[in-house]
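Each chain, letter by letter, is given below.
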Amino acid sequence: MEQTWAEAVILHWRLPVADAAGFMPPGTEPDVFGGSTWVGLIGFRMCGVRLGRVLPVPHLGSFVEVNVRLYSRGADGSAGVVFLSLDAPRLPVVLAARALGIPYVWSRCRSTGADGPEPVRGYEVARHHRQAGSSFAVRPDLAAQADDELSLELTARFGAHTRFAGRSVFLPVSHRPWPLHPAELVHLDDGLMGAAGLEVAGPPESVLFSPGVDTVFGRPRIVPVP
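Residues numbered from 1 in each chain as written. Predicted model: local features only at pLDDT ≥ 70, side-chain atom pairs only at ≥ 80, totals over all residues. Heavy atoms only, no water.

Trainee: Describe the overall build of the protein chain, and please don't skip the residues or the numbers.
Mentor: A tally of helices and strands in the protein chain yields 4 helices and 14 strands. Its C-alpha atoms give the protein chain a radius of gyration of 17 Å, near enough to 17 Å, the size a compact globule of 226 residues would have. Taken across its 226 residues, the protein chain has 47% of its residues classed as buried. Put simply, 69% of the contacts in the protein chain that link residues at least 6 apart link residues at least 24 apart. (Helix = DSSP H or I, 4+ residues; strand = E, 2+ residues; numbered from the N terminus. Rg over C-alpha atoms; globule rule 2.2 N^0.38 Å. Buried < 20%, exposed > 50% of the residue type's maximum accessible area, 1.4 Å probe, protein only. Contact = heavy atoms within 4.5 Å.)

This is the structure:
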């Protein structure tokens, strides 16, 4: 499966390793870099979804997604992410993903912002039945590149660890390095991380924007449990 992840707003907070450990699938542990493990709040536009290289999915494969994720490392050395939630407005996609053990949530999601000399990019989530929501936006510095070690570590994650049918699974994803720009936080009002069972304090330590990348999903494999 191929996908394009466009106009990504990428926020990260430091997190104690103990807070992340309970969310890790068997055979994985929190990945640590910059002296901490991290939790991310990421919004982007999903588009260009194809099954294989020939079958486009024009409507169901185009939507806004906002996810909360942790960072993991498997006993086999695989480095990935662990999704705590993925909010999306396409109910068939949500139901299909949940059947595979991926924690999608059916929500109203939309992109926000404004164009101009100093553009703003952001996302809003409103879960159905008045559950948790989120609203955040950034002002990217498109003239600058974010190529520091931490920014690259937080975004160069080529797969996801999850649980399926009682086993730990690694789903590989390949893509070129994200083109990254530093960004200024414009506003943040988030309830998704709290709904997932995490508490963070203060503004995010890392604020990034990317115009996006093209991705290709590979075949999942079982993660060995020592």
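Right, picking up where we left off after that structure.
Trainee: Outline the environment of Val9, listing residues and values.
Mentor: Structurally, Val9 can be placed in strand S1 (residues 2–15). For Val9, a relative accessible area of 0% corresponds to the buried category. Along the primary structure Val9 and Trp178 are separated by 169 residues, whereas in three dimensions their C-alpha atoms are 12 Å apart. Once residues within four sequence positions are removed from consideration, Val9 is found in contact with Leu41, Ile42, Gly43, Arg121, Gly122, Tyr123, Phe136, Val138, Leu208 and Phe209.

Trainee: Now, about the pattern of salt bridges: what can you tell me, with residues and values included?
Mentor: Applying the stated rule across the entire model yields 11 salt bridges. One salt bridge connects Arg14 with Glu205, and the closest N-O pair in it is separated by 2.8 Å. On the criterion of sequence distance, the pair formed by Arg14 in strand S1 and Glu205 in the loop between helix H4 (192–196) and strand S13 (206–217) is long-range, its members being 191 residues apart. We classify Glu205 as partly exposed; its relative accessible area is 47%. Residue Arg139 pairs with Glu118 through a salt bridge whose shortest N-O separation is 3.9 Å. In this pair, Arg139 sits in strand S9 (residues 133–140) while Glu118 sits in the loop between strand S7 (104–114) and strand S8 (120–127), placing the two residues 21 residues apart along the sequence. The class for Glu118 is exposed, based on a relative accessible area of 57%. (Salt bridge = Lys/Arg side-chain N within 4 Å of Asp/Glu carboxyl O.)

Trainee: Lay out the side chain of Thr37 with the relevant residues and their values.
Mentor: Counting through the fold element by element, Thr37 comes out in strand S3 (residues 37–51). Taking the relative accessible area as the measure of exposure, Thr37 reaches 0% and is therefore buried. For Thr37, the residues in contact, after removing those within four places along its chain, are Trp13, Arg14, Leu15, Pro16, Val17, Ala20, Pro30, Asp31, Val32 and Tyr71.

Trainee: Describe the packing of aromatic side chains, with residues and values.
Mentor: Throughout the structure, instances matching the rule amount to 5 aromatic pairs. Feature note: the residues Trp5, Phe44, Trp178 and Phe217 constitute an aromatic cluster, connected by ring pairs. (Phe/Tyr/Trp six-rings, centres within 6.5 Å; stacked < 30°, edge-to-face > 60°.)

Trainee: Lay out the nonpolar core with the relevant residues and their values.
Mentor: Ranked by internal contacts, the top residues of the largest apolar core, which has 25 residues, are Leu11, Val39, Leu41 and Leu70. Secondary structure elements with two or more residues in this core: S1, S3, strand S5 (63–74), strand S6 (79–88), S8, S9, H4 and S13. The contacts of Leu41, once residues within four sequence positions are left out, are Val9, Ile10, Leu11, Trp13, Val66, Asn67, Val68, Ser134, Phe136, Leu188, Asp190 and Leu192. (Core = buried A, V, L, I, M, F, W, Y, C linked by side-chain atoms within 4.5 Å.)

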